[in-house]
Each structure stands twice: as structure tokens, then as C-alpha cells.
Amino acid sequence: MASKAKKTNTNDDVLEVTEEEVEVPVLTEEEIAELTIEDLPGVGPATSEKLREAGYEDLLSIAVMTPADLADSAELGEAVANKIINSAKKMANIGGFLSGGALLERRREVMKLQSQVESLDALLGGGFETQALVEVYGAFGSGKTQIVHQLAVNCTLPLEEGGFDGDIFYIDTEDTFRPERIMQMARGLDLDPDEVLKRIHVARAYNSAHQMLLVDEIKRMSRGMNVKMIIVDSLTGHFRAEFVGRGMLANRQQKLNRHLKDLKQIADVNNALVLVTNQVHSKPDAMWGDPTKPVGGHILAHASTFRLYLRKAKGGRRIVRLVDSPNLPEGECVMEVTEDGLRD
């Protein structure tokens with residue numbers, strides 16, 4: 001039976017389509033890939049414009065949302081958002097399973113960014129992966145900001161030289177981004193410093209709410225750009241300062257979880273690398289072992305694809321330990337911070 005629809009009494013152009021009335025045709029995977037949000041039943045130009053402005057460019061990004069979140073971000077009624085999500089779920093075939101071989105084939109799209117430190121790249125199985133969230137934590141002066149500056153420069157390198165030839169978005173929460181350091185590192189790689197700086201887009205975040213809004217701004221600005229890296233330095237600084245005490249812990253962790261989810265979504269959509277730095281705290285009751293622990297708790301631990309722990313060593317060297325990875329063993333390497341950047 002053909003789909004039935006009638007106009008709502010609002011000014012929007014979304015049609016009132018009940019779940020039972022929508023008849024979604026069975027499509028092949030190739031046909032699904034060619035669908036756009038305009039193909040959703042009842043979504044007209046005005047609604048599709050709202051969805052795109054909110055950062056929803058494909059059916060899958062809509063299908064995985066909750067009605068409340070979609071309604072809030074796209075300024076739609078919750079009932080309308082629910083109907084759009086239900087249609088997207090059916091048309092995107094979100095419930096399908098893939099074989100391990102098919103997933104392996106998809107993994108071939110993953111790119112690896114080289115750090116110019118051979119031992120660090122070897123520790124990470126060839127470099128920093130796209131479609132991953134990499135957390136770098138350590139005490140002050142351990143080299144966290146040096147790593148993100150170096151990788152930002154490396155990201156502009158051509159593919160054949162271990163780079164991504166892409167643009168970088170840098171959320172600076174601690175006022176530690178220094179264009180002068182970028183220029184030093186660019187010269188160390190025989191790159192034009194001015195051209196490198198043009199590809200790094202920096203925004204200062206003044207509180208946790210602003211930090212989360214900047215991720216939405218990245219979604220908006222990244223259309224038509226070859227975005228290959230998103231940096232947040234540091235991820236937890238504002239959250240740690242604003243949500244104090246056990247009474248605010250649950251609220252802090254919920255907001256942090258949402259922030260991490262949004263960052264990972266950008267990584268998946270753009271085949272990009274998300275690199276975040278994290279602060280640490282000391283456990284005074286630790287009787288043995290290293291008392292230094294990363295801030296963020298289990299929420300951040302589960303969200304991170306790779307976790308790197310930095311420690312100072314003598315002579316300007318830094319010890320990098322791979323703490324967690326889905327497919328690589330734990331290990332350590334040593335790198336040196338020089339005027340030209342990070343080196344073995």
C-alpha cells in the first residue's frame with residue numbers, strides 16, 4: 001500500500017507519517033549508500049536544511065540519535081524527530097551484521113599518521129590511526145602539548161611522507177597553542193611554516209559548555225574540507241574545574257561522555273584522528289606502583305581507543321607507554337624533545 005501522509009498544523013514541511021504507514025522498499029547496499037536525508041519520507045527542503053545545519057549529513061547519523069537529542073539539535077518537535085529517526089533506521093538498514101572479512105575490508109580505509117619518532121610509530125603499529133580517539137596523559141611538562149603540536153604539523157604532510165595532507169581543528173582549553181612552536185617544527189621538516197599554519201584552525205575554549213559547542217562548530221565548518229585531525233588540549237581541564245565534589249561527579253561524567261561521543265562521531269564521518277590530552281591526579285593512598293592516574297575515570301578509559309602515558313626522563317627525553325589498545329600489546333619507547341620537534 002502506498003504511504004499515506006497529511007500536513008501538520010505547523011509551518012514546517014515535515015509530514016505526519018506514522019510508523020505503520022511508512023512502507024520502506026528493500027534496498028541493496030549500493031542503493032543505501034546513495035540515499036540522502038532528502039529521501040526520508042516527509043522530509044522536505046526546510047527540514048533537511050535544519051538537519052544539515054545541525055551536522056546530520058547522512059541517514060546513519062540520524063538513525064543512531066535519540067528523539068530528544070535530534071529535536072534539540074535540529075530544532076524540531078520531538079514527535080517529528082521520532083518519525084524521522086524511525087524512517088532513517090529502516091532505510092539505513094542499521095540493524096545489519098557484517099562478516100569479519102567485510103569489516104577487515106573496511107579497516108583498509110584506516111590511515112596512519114607517522115610521528116617522526118620511529119620507536120613511537122612502531123609502538124602504535126605504524127602510527128596514529130584515523131577513526132580512533134587517542135588519549136595522551138601525563139604530568140605537567142611531560143610533553144603532551146609537544147606531541148599534539150608535532151602531529152598537527154605532520155598531518156599537513158603528503159600521504160607518501162606519512163601525513164594525511166589534511167586540515168586540523170585545534171580546541172585549546174589551556175592557552176598552550178603556540179604558532180611559534182608550529183613554525184619551528186615545520187622548518188624542521190622543510191615545510192613552509194605559513195602554509196602549515198593556514199591548515200590549523202584554532203579556537204580557545206573558555207569553559208566546558210563552550211568546549212562542547214566548538215565541536216558542533218567543527219561539524220558545521222568541516223563540510224567541504226579535508227578534515228583529518230581534531231585536537232583537544234586538554235580534554236578535562238574545564239570539566240575538572242567546574243564540577244567539583246562527589247555531588248557533581250555524575251553530571252560531569254555524563255557531559256564528558258556526550259562530548260567524547262560527539263568527537264568520535266566526527267572521527268568516523270571524516271575518517272579522521274581525534275587526539276586529546278588529559279590531566280592527571282595523584283593517589284596518596286597508593287602503597288606501591290605509580291600513584292599518577294588520569295582524570296576522567298572509566299568514562300574516558302572506555303571511550304579512548306589508544307591511551308598513551310608520558311613521563312619525564314633525563315636530558316630532555318620522554319618515556320611513552322602504551323597503556324591500552326584494542327589490538328596491540330603494552331610497551332614503552334623513548335623520544336626526545338628538540339628545537340626541530342620530536343625525534344628518537
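Refer to the structure printed above.
Small disclaimer: the values here were computed from a predicted structure and weren't measured. Every chain begins its residue count from 1, and numbering advances along the sequence as written. For a predicted model such as this one, the threshold for reporting local features is a pLDDT of at least 70, and the threshold for listing and counting side-chain atom pairs is 80 or more; totals across whole chains, interfaces and linings nevertheless cover every residue. Computation of side-chain values: all heavy atoms of the structure, hydrogens and water removed.

Enquirer: Help me out: how do you make sense of the layout of surface pockets in this one?
Expert: Taking a probe equal in size to a water molecule and rolling it over the atoms shows the remaining empty space. A cavity here means a set of points on a 1 Å grid, drawn over the protein atoms and nothing else, where a 1.4 Å probe fits but cannot get out; a pocket is an open set with protein on both sides within 12 Å along at least five of seven lines, and a residue lines either one if it has an atom within 4 Å of a point. Grid points are joined across faces, edges and corners, and a volume is the space filled by probe spheres set on the points. The space that makes up the second largest pocket amounts to roughly 300 Å³. The biggest single contributor to the lining of the second largest pocket is helix H13 (residues 249-270), with 3 residues. Within the lining of the second largest pocket, the residues separate by chemical class into 5 nonpolar, 5 polar and 3 charged. Secondary structure elements are taken from DSSP: a helix is a run of H or I of four residues or more, a strand is a run of E of two residues or more, and numbering for both begins at the N terminus. Classification convention: Asp, Glu, Lys, Arg as charged; Ala, Val, Leu, Ile, Met, Phe, Trp, Tyr, Cys, Pro as nonpolar; all other residues, Gly among them, as polar.

Enquirer: Can you walk me through the nonpolar core in this structure?
Expert: Generally speaking, nonpolar side chains in soluble globular proteins are found buried as a group. Nonpolar cores are built from buried Ala, Val, Leu, Ile, Met, Phe, Trp, Tyr and Cys residues. Side-chain atoms within 4.5 Å join them into one set. In this scheme, a residue with accessible area under 20% of its type's maximum is buried, one over 50% is exposed, and one in between is partly exposed, where area comes from a 1.4 Å probe on protein chains only. Core analysis: the biggest nonpolar cluster contains 38 residues, and Leu120, Phe128 and Leu275 have the highest contact counts within it. Looking at which element gives the most residues to this core, the answer is helix H8 (residues 144-155), with 6 residues. We call two residues contacting when some pair of their heavy atoms lies within 4.5 Å. Setting aside anything within four residues of it in sequence, one finds phenylalanine 128 in contact with Met111, Lys112, Leu113, Ser115, Leu120, Val134, Leu151, Phe164, Leu273, Leu275 and Leu308. By size, the runner-up hydrophobic cluster in this structure holds 23 residues, among which are Leu133, Val232, Leu263 and Val274.

Enquirer: Hey, could you run me through the environment of leucine 213 in this one?
Expert: Its place among the elements puts leucine 213 in helix H11 (residues 208-221). Taking the C-alpha atoms as reference points, leucine 213 and histidine 259, separated by 46 residues in sequence, lie 9.3 Å from one another.

Enquirer: Please explain the pattern of salt bridges as it appears in this structure.
Expert: Should their charged atoms come close, side chains of opposite charge can pair. By definition here, a salt bridge exists when the distance from a side-chain nitrogen of Lys or Arg to a carboxyl oxygen of Asp or Glu is within 4 Å. Counting across every chain of the model gives 17 salt bridges. Salt-bridge contacts for arginine 52 lead to glutamate 38; the nearest nitrogen and oxygen are separated by 2.9 Å. Note that arginine 52 is positioned in helix H2 (residues 45-53) and glutamate 38 in the loop between helix H1 (29-34) and H2, a separation of 14 residues in sequence. For glutamate 38, a relative accessible area of 36% corresponds to the partly exposed category. Arginine 199 is the partner of aspartate 165 in a salt bridge, and the nearest nitrogen-oxygen pair spans 2.8 Å. Placement of the pair is aspartate 165 in the loop between H8 and strand E6 (167-172) and arginine 199 in the loop between helix H10 (193-198) and strand E7 (200-204), with a sequence separation of 34 residues.

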